[in-house]
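Structural overview for review
Here is what each chain is made of, one letter per residue.
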Amino acid sequence: MANVEAIRDLLRTNSISKFLNVNARNTYVVAFREMLNELGFSNELKMSSIGSSDFFGNEVVNAVVSFARRNKLDSTGLTVTPFLGATMVERHETLPGVKTLEGAIANGQYAQFNLQNTADRNNIILRSLLQTLGITGTTTQDALRNFALRKGLSSDGYLLTESLAKALLSDLYQLYGDSLSKLSIKPGTTNPPITGPGSPGNNPSPYPYEPPKTGGTGVPPITNPAVGNNLQIDDRGGTIVISDGSRQIQFRKHQPMGVSTPGFNSLVTFVEQNKDRLVELDLTYSALQVMESIAKNEGRMDAINSYDRGILSIGTYQWTLGRDDKAGELAALLKKFRDQFPDSFRRHFAPIGIDVSQDTNTTYGFLTLNGFAVNTPQAKEQFRDPAWGFRFWRALQEPDFQAVQVEHALDRLKNFYWKPSYAVFGSLLSTVITSAYGVALLLDNHVNRPAWIKPCVELAMQQTGLSNPSTFTDQNERDLIQAYLNVRHTYTDGSIAPMSKSLIRAQAIYADVTAGKLSETRGSFQLSNKAVAAYDNSRGTDKSAFPPVFYEPGEFPDMENERE
């Protein structure tokens, strides 16, 4: 058996890319190769001829690429990213469940899956297998019905039939390599296909939808009755009050539809009261102070808006579902919440069928509803319903979700601060502006006009004649920042208006400098405690901010300005 626990250790310590990359030679490679072999990729590894090895060679690269392709992931195979490694471990954890399903098919014992008893072991296994394919539901029966709908089969969800079991196993097999021992699946009794409007037909994809590109192939239900379960809704004309019996909120109603609330939970207060908790998420105190300072320019942590072009926007930065058929930032926020606090995520979102698409990245993605990608204007419109607004508002009261908001907001730095595509005259921004005050201004800019940071800083450098960051003094940076603020106040490329309330936002941030909360000293900003510990800290006059450990710029796409 593969030593999968060794791979989990790498994931827990965020060091998997350091040890599992091409030409690496270490004991972790032995465990990794054995895991790939058990996942069915011994043909690529040529395990039968060379056996186990501690070397990450071309055959391992080929196996990784093959796994990624089968699981709808992008990978060159040259390094194992945390997400890719975690997916491999998850697939390995699913293997016993696959074998249980194989046994049921081989022996015709479908009744062993007691779908009425949520505590039944095989019920739990079946639900886990469906979740592996991205199929969700409030119960196993709901998930099975969603799977049947996707495959064009009829099912009431209360019985695992031969045709459903074989369809499920066939889809699961597509996630694994060709050398995995597999049951020969012969055609069984086929239930009558579902016909009629919205019927998806038989789709051989290993997921309940293809990764959405320009609208996807799945057609999610236009309404989801579960969203309104156990809610008391009092429509008072201009406002609407919704309660689940434990919490309630009064939304303002908008015409022609949608609701909003500015929220009540201050990010500044949350950060002040939870600094030790947030440091555990690998955030430095300087990073938290930056977040506190710019939070004054943003919304509250439980703000909700479902009346404008973004369809549904939530939280401090108003992370949005995405306009029209475009991906949005909300899915990336939920993905982080799900991955870091799975129990909290399931408690709030599993009962209403919400998850995120398999191809959601660090920045953009789509929600899924009952296993279908929400990637068309028609599918998104239902989220204007006040009941959806309440469900997301209720989740935003969760301290775990609030902590994720803080981390995700600061993660925007990874989309530009250390990226070569944002370098100004050949220098990374992390070497040019390195004070906590300056970084707060850049992040404030990125929230409002992300595409204009580079041209604004370049113009400021030209105006001041400051071009070599390695020689910058504290006063040089202050001069550069003042020129940058003058530029960003009026800068536009003609596509949209200049940055909104630029001077007022800058003054609000500078108030924390005056109060002694935010430093103007070069090198006073660092994002990650692990980075501070990992990198050489004795570099003389170099005041640059360290990138996060194992930071990969390609995983964080450049962000465009939102059209107003």
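My aim in this report is to walk through the structure given alongside it, one point at a time. Not measured: the values here are computed from a predicted model.

What follows concerns the sheet that holds strand β8 (residues 354-356). Each strand in a sheet pairs with its neighbour through backbone hydrogen bonds, running either in the same direction (parallel) or in the opposite one (antiparallel). The strand order β8-β9-β10 describes an open sheet built from 3 strands, whose pairing is antiparallel. Strands with a single pairing partner mark the edges of an open sheet, and in this sheet they are β8 and β10 (372-373). As defined by bridge partners, strand β9 (residues 367-369) adjoins β10 across 2 bridges and the pair is classed as antiparallel. Paired with Thr368 across the bridge in β10 is Ala373.

Most often, soluble globular proteins have nonpolar side chains that are buried together. Membership of the largest hydrophobic core comes to 97 residues, with the highest contact counts inside it found for Phe392 and Val406. By residue number, the principal contributor to this core is helix α20 (residues 436-448), which donates 7 residues. Setting aside anything within four residues of it in sequence, one finds Val406 in contact with Leu267, Phe270, Val271, Leu278, Leu283, Leu288, Met291 and Met301. One finds Ala2, Val61, Val80 and Tyr176 within the second-largest nonpolar core, a separate group that totals 58 residues.

Once that is clear, we can look at the pattern of salt bridges. If you walk through the whole model with that rule in mind, you get 29 salt bridges. The closest approach of N and O atoms between Arg505 and Glu298, which form a salt bridge, is 2.5 Å. Separated by 207 residues along the polypeptide, Arg505 in helix α23 (residues 502-514) and Glu298 in the loop between α13 (285-295) and β5 (304-305) bring together distant segments of the chain. Neither Arg505 nor Glu298 differs from the other in exposure class; each is buried. Taken together, the salt bridges that share partners define one network made up of Glu298, Asp444, Arg488 and Arg505.

In this section: the pairing of strand β3 (residues 248-253). Here strand β2 (residues 239-243) pairs with β3 via 5 bridges, running antiparallel. The partner of Val241 across the bridge, within β3, is Gln250. Joining the antiparallel neighbours β2 and β3 is a turn of 4 residues, in which Gly245 adopts a positive phi near 100 degrees. Where β3 and strand β4 (residues 259-261) come together, 2 bridges link them in antiparallel fashion. Counted as the bridge partner of Lys253 is Val259 from β4. Where β3 folds back on β4, the antiparallel hairpin that results is connected by 5 residues, among which Gly258 adopts a positive phi of roughly 105 degrees.

With that settled, the discussion passes to the packing of aromatic side chains. If you walk through the whole model with that rule in mind, you get 21 aromatic pairs. Where Phe416 meets Tyr417, the ring centres are 6.4 Å apart and the plane angle is 70 degrees; that geometry is what we call edge-to-face. Given a relative accessible area of 0%, Phe416 falls into the buried group.

Let us look at the side chain of Glu298. Polar side-chain contacts of Glu298 include one of 2.5 Å to the side chain of Arg505. Not counting chain neighbours up to four residues away, the residues in contact with Glu298 comprise Thr316, Tyr317, Asp444, Val447 and Arg505.

How each quantity is defined
Along each chain, numbering runs from 1 in the same order as the chain's sequence is written. Note on the predicted model: pLDDT of at least 70 is required for a residue's local features to be given, and 80 or more for side-chain atom pairs to be given and counted; whole-chain, interface and lining totals, by contrast, use all residues. Excluding hydrogens and water, the side-chain figures rest on all heavy atoms present in the structure. Pairing between strands requires that DSSP locate at least two bridges from one strand to the other. Strands are runs of DSSP state E lasting at least 2 residues, helices are runs of H or I lasting at least 4, and numbering of each runs from the N terminus. Here, nonpolar core refers to any group of buried Ala, Val, Leu, Ile, Met, Phe, Trp, Tyr and Cys residues whose side-chain atoms link them within 4.5 Å. Residue exposure (1.4 Å probe, protein chains only): buried if accessible area is under 20% of the type maximum, exposed if over 50%, otherwise partly exposed. The criterion used for residue contact is that any of the two residues' heavy atoms lie within 4.5 Å. We define a salt bridge as a contact between a side-chain nitrogen of Lys or Arg and a carboxyl oxygen of Asp or Glu at a distance within 4 Å. In this scheme Phe, Tyr and Trp rings, the latter by its six-membered ring, pair at centre separations within 6.5 Å, and the angle between planes marks the pair as stacked below 30 degrees, edge-to-face above 60, and tilted otherwise. Residues adjacent in sequence count toward polar contacts only when both atoms are side-chain atoms; beyond that, a polar contact is any pair of N or O atoms within 3.5 Å, and within protein one must be able to donate a hydrogen and the other to accept it.

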